[in-house]
Amino acid sequence: PARPAAVRSTADGRLRLNKFLGERGLCSRREADAWIAAGRVTVNGAVATLGTQAGPDDDVRIDGRPAGEPTRHVFDLLRPGISA
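Cut-offs applied
Residues numbered from 1 in each chain as written. Predicted model: local features only at pLDDT ≥ 70, side-chain atom pairs only at ≥ 80, totals over all residues. Heavy atoms only, no water. Pairing = 2+ DSSP bridges. Helix = DSSP H or I, 4+ residues; strand = E, 2+ residues; numbered from the N terminus. Core = buried A, V, L, I, M, F, W, Y, C linked by side-chain atoms within 4.5 Å. Buried < 20%, exposed > 50% of the residue type's maximum accessible area, 1.4 Å probe, protein only. Contact = heavy atoms within 4.5 Å. Arc of directions from axis to C-beta. 1 Å grid on protein atoms, 1.4 Å probe; cavity = no way out; pocket = protein on both sides within 12 Å on 5 of 7 lines; lining within 4 Å. Points joined across faces, edges and corners; volume = space filled by probe spheres on them. Nonpolar A, V, L, I, M, F, W, Y, C, P; charged D, E, K, R; others polar.

Colleague: It is not clear to me how the sheet that holds strand β3 (residues 46–47) should be interpreted in this structure. Could you clarify?
Modeller: Each strand in a sheet pairs with another by means of backbone hydrogen bonds, the pair being arranged parallel or else antiparallel. With respect to topology, 4 strands assemble into an open sheet ordered β3-β2-β5-β6, the strand pairing being antiparallel. What marks the edges here is a single partner per strand, and that holds for β3 and β6 (65–66). Two elements, strand β2 (residues 41–43) and strand β5 (residues 60–62), share 3 bridges in a ladder whose sense is antiparallel. Bridged to Thr42 within β5 is Arg61.

Right under this line is the structure:
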């Protein structure tokens, strides 16, 4: 099934800023919208607005602090009878 347009990235890997922040595990997309509307988020030194897009090479900051890397989930599966 097709995904909503707001979720798709562009050809150069840019995402809507709320999704960009959500993928970094910093907040929900709705909370990111509130941060953006409050002027707490900058992209490459400029205060972001709703609908701003960001890519992997952009300097995204919240309250002056770097947004960081996307969250990566690591799963450690243990099988019965095997000790570590």
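Colleague: Explain the nonpolar core to me, please; I cannot follow it from the model alone.
Modeller: As a rule of thumb, nonpolar side chains are buried together in soluble globular proteins. In this structure, Leu17, Phe20, Leu21, Val41, Ala48, Val60 and Ile62 are the most contacted members of the largest nonpolar core, which totals 15 residues. Within the residue set of this core, elements represented by two or more residues are α1 (17–23), α2 (29–37), β2 and β5. Excluding anything up to four places from it in sequence, Ala48 contacts Leu17, Ile36, Val41, Thr42 and Val43.

Colleague: Even after reading the chapter, I still don't get α2, so can you show me in this structure?
Modeller: In an α-helix there are 3.6 residues to a turn, and that puts residues three or four apart on one side. Buried within α2 we find Ala32, Trp35 and Ile36. One face of α2 carries all of its buried residues, which in axial projection span an arc of 100°. Exposed residues pointing more than 90 degrees away from the buried face of α2 are listed as Arg30 and Ala37. Where α2 is buried, its residues contact α1, β2 and β5.

Colleague: Explain empty space enclosed by the protein to me, please; I cannot follow it from the model alone.
Modeller: Regions of empty space are outlined by a rolling probe, equal in size to a water molecule, passed over the atoms. Taken as a whole, this structure holds 1 cavity of 30 Å³ or more when the rule is applied. If you add up the space inside the largest cavity, you get close to 40 Å³. Taken together, Arg16, Leu17, Asn18, Asp33, Ile36, Thr49, Leu50, Gly51 and Thr52 make up the full set of residues lining the largest cavity. Counting only elements with at least two residues in the lining of the largest cavity, the list comes to α1 and α2. Per-class residue counts for the lining of the largest cavity are 3 nonpolar, 4 polar and 2 charged.

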